[in-house]
Amino acid sequence: MTDIFWPDHLFLVGCGNMAGQMLARWLDCGLDPARVTVLRPSGKPVADGVRVVTGYPVALPADTTVLLGMKPYQIADVAASLAPLCGEDTDIVSILAGTPLAGLRAYFPAPRALIRAMPNLPVGIGQGVTALYTDAAVPVQAREAATSLISPLGLVEWIADEARFNEITALSGCGPAFLFRFIDALARAGEALGLPADQAARMALATVEGAASMAARASDSPGALADRVASPGGMTRQGLNVLDADDRLLKLLTDTLSAARDRGEEMAREG
Ligand SMILES: NC(=O)c1ccc[n+]([C@@H]2O[C@H](COP(=O)([O-])OP(=O)(O)OC[C@H]3O[C@@H](n4cnc5c(N)ncnc54)[C@H](O)[C@@H]3O)[C@@H](O)[C@H]2O)c1
């Protein structure tokens, strides 16, 4: 891994499922916990050496990077307290779903950099996917700093067009949930056919893990790999025929992503 450009100070607003995974990975990768402050209403400890506060400080240290990690609907309340603390030397990274950059800029006019990030849960083990977006007003150094900070979390993809952000969120941000469902359904289908539940669960998980790792390393596409499993006239082809009939699986996933994307657009309209 190339050298990571750690922020002088990192201020996390909210540290639940998602921001907690990001922080855990950063600490694993060498971020000094003394550089981190977490604001969380519960005041519960986060990790050794990380300062946890339940209210806003009177000022932020110079060159602070703020990670907005609370729920999207809390933005107005958070901004009322946080915006007065943010100066030109503050960078803000927002992981709030369905919250466009223009809306963030209206809440936070001063910071030199405002960046939207859409991570997913496997960032905690360095195997996540994070989409990043910002606009031309943000200096290139701030983009590079964001790329460096996000790199230890897994794949980083800059998005050229913010209009795609909800679609990206549906695919990779929400994606782990759809795959967890798939693993569960594969196991339950095995159980429905008569396998012991615990054995079906273990085998479904290991099959998905092995297949995903193989697909990640293979030069063949996942489509071609599926054909390599299906012996002519054999069992797999009969199973694939069920998934492929009238593009059943493709349609199901298109509907799934569309519903998630539409909710992001609704959230943006609700502000
Ligand atoms: N969960 C995911 O997979 C995922 C993926 C990408 C983006 N996100 C985004 O991450 C954000 C958090 O989602 P989550 O799933 O981690 O939710 P969560 O409920 O687990 O975490 C929210 C955190 O915000 C804190 N909080 C509540 N009120 C607050 C306040 N007034 N000020 C500061 N902090 C406050 C809570 O204590 C909690 O730690 C959301 O904006 C969501 O869109 C989540």
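Residues numbered from 1 in each chain as written. Predicted model: local features only at pLDDT ≥ 70, side-chain atom pairs only at ≥ 80, totals over all residues. Heavy atoms only, no water.

The name that an unreviewed UniProt entry assigns to the protein is Pyrroline-5-carboxylate reductase, with the source organism given as Sphingobium wenxiniae. The record held by UniProt for the protein lists under Function (unreviewed entry) the comment "Catalyzes the reduction of 1-pyrroline-5-carboxylate (PCA) to L-proline." Database annotation for the protein, UniProt heading Subcellular location (unreviewed entry): "Cytoplasm". (UniProt positions renumbered as here; feature names shortened; annotations may be inferred.)

**Student:** Describe the site of the ligand, naming the residues involved and giving the relevant values.
**Tutor:** The ligand sits among 20 residues. The nearest are Asn17, Met18, Met70, Gln74 and Ala97. Between the ligand and Ala97, the relevant distance is 3.0 Å, taken from an oxygen atom to a main-chain nitrogen or oxygen of the residue. Bound to the protein, the ligand loses 76% of the 830 Å² it would expose on its own. When atoms are counted within 2 Å of each cavity's grid points, the one that captures over half of the ligand is the second largest pocket. A per-class count over the shell around the ligand returns 14 nonpolar, five polar and one charged. (Near = heavy atom within 4 Å. Polar contact = N/O pair within 3.5 Å; in protein donor to acceptor, adjacent residues only side chain to side chain. Areas by Shrake-Rupley, 256 points an atom, 1.4 Å probe, with all protein chains shown as cover. 1 Å grid on protein atoms, 1.4 Å probe; cavity = no way out; pocket = protein on both sides within 12 Å on 5 of 7 lines; lining within 4 Å. Sits in = over half its atoms within 2 Å of the grid points. Nonpolar A, V, L, I, M, F, W, Y, C, P; charged D, E, K, R; others polar.)

**Student:** Pulling in residues and values, what's your account of the pattern of salt bridges?
**Tutor:** Taken as a whole and judged by the stated rule, the model has 12 salt bridges. Put simply, Arg112 and Asp63 hold a salt bridge, and the shortest N to O gap is 3.4 Å. Placement of the pair is Arg112 in the loop between α3 (101-107) and β6 (113-118) and Asp63 in the loop between β3 (51-53) and β4 (64-68), with a sequence separation of 49 residues. Given a relative accessible area of 34%, Arg112 falls into the partly exposed group. Taking the shortest distance from any N to any O, the salt bridge between Asp184 and Arg188 comes out at 3.4 Å. (Salt bridge = Lys/Arg side-chain N within 4 Å of Asp/Glu carboxyl O. Helix = DSSP H or I, 4+ residues; strand = E, 2+ residues; numbered from the N terminus. Buried < 20%, exposed > 50% of the residue type's maximum accessible area, 1.4 Å probe, protein only.)

**Student:** Explain the side chain of Thr134 to me, and be specific about the residues and the numbers.
**Tutor:** For Thr134, the position within the fold is in the loop between β7 (128-133) and α4 (140-150). In terms of polar contacts, Thr134 uses its side chain to reach the backbone carbonyl oxygen of Leu114, at 2.7 Å. Not counting residues within four places of it along the chain, the set of residues in contact with Thr134 comprises Leu101, Leu114, Ile115, Arg143 and Trp158. (Contact = heavy atoms within 4.5 Å.)

**Student:** Would you mind going over a nonpolar patch on the surface in detail, with residue names and values included?
**Tutor:** A cluster of nonpolar side chains, contributed by Leu243, Leu249, Leu252 and Leu253, occupies part of the molecular surface with about 330 Å² of accessible area. If you tally residues by element for the nonpolar patch, the top one is helix α10 (residues 248-270), at three residues. Summarising the element assignment, Leu253 is placed in helix α10. Residue Leu253 is classed as partly exposed on the basis of its relative accessible area of 41%. (Patch = residues over 30% accessible without salt bridge, like charges linked within 9 Å, V, L, I, M, F, W, Y side chains within 5 Å.)

**Student:** Mind laying out the nonpolar core, listing which residues take part and the relevant values?
**Tutor:** Judged by nonpolar contacts, the single largest core of 26 residues is most densely connected at Phe11, Val13, Val66, Leu68, Leu82 and Phe108. Of all the elements in the fold, those that place two or more residues in this core are β1 (9-13), β4, α2 (75-82), α3, β6 and β7. Considering each element in turn, this core owes the most residues, four residues, to α2. By size, the runner-up hydrophobic cluster in this structure holds 25 residues, among which are Ile4, Leu23, Trp26 and Ile115. (Core = buried A, V, L, I, M, F, W, Y, C linked by side-chain atoms within 4.5 Å.)

**Student:** Could you give me a rundown of the sheet that holds strand β2 (residues 36-39), with the residues and numbers involved?
**Tutor:** Taken in spatial order, the eight strands line up as β3-β2-β1-β4-β5-β6-β7-β8 in an open sheet, and their pairing is mixed. A single partner strand is all that each edge strand has here, and the edge strands are β3 and β8 (154-158). Taking the axes of each pair of neighbouring strands and ignoring which way they run, one obtains an average angle of 20° across the sheet. Bridge count for β2 against β3 is three bridges, and the pairing is parallel. When the bridges of β3 are listed, Leu39 appears paired with Val53. Sheet contacts for α4: β6, β7 and β8; angle to β8, the most-contacted strand, approximately 155°. (Pairing = 2+ DSSP bridges. Axes fitted to C-alpha atoms, helices over the stretch in contact; angles between N-to-C directions.)

**Student:** Summarise the packing of helix α6 (residues 175-192) against helix α7 (residues 197-217); cite the residues concerned and give the values.
**Tutor:** Following both chains from N to C, one finds α6 and α7 inclined at 140°, their axes separated by 8 Å at the closest point. Taken together, the axes of α6 and α7 lie oblique to each other. Along this stretch, α6 crosses α7, giving a crossing that reads as right-handed. Here α6 contributes Phe182, Ile183, Leu186, Ala187, Gly190 and Glu191 to the contact with α7, which in turn contributes Ala197, Ala200, Ala201, Ala204, Leu205 and Val208. Looking at the contact of α6 with α7, its residues break down into 10 nonpolar, one polar and one charged. (Parallel < 35°, antiparallel > 145°, perpendicular 65-115°, else oblique. Left-handed = near helix turned anticlockwise from the far one by under 90°.)

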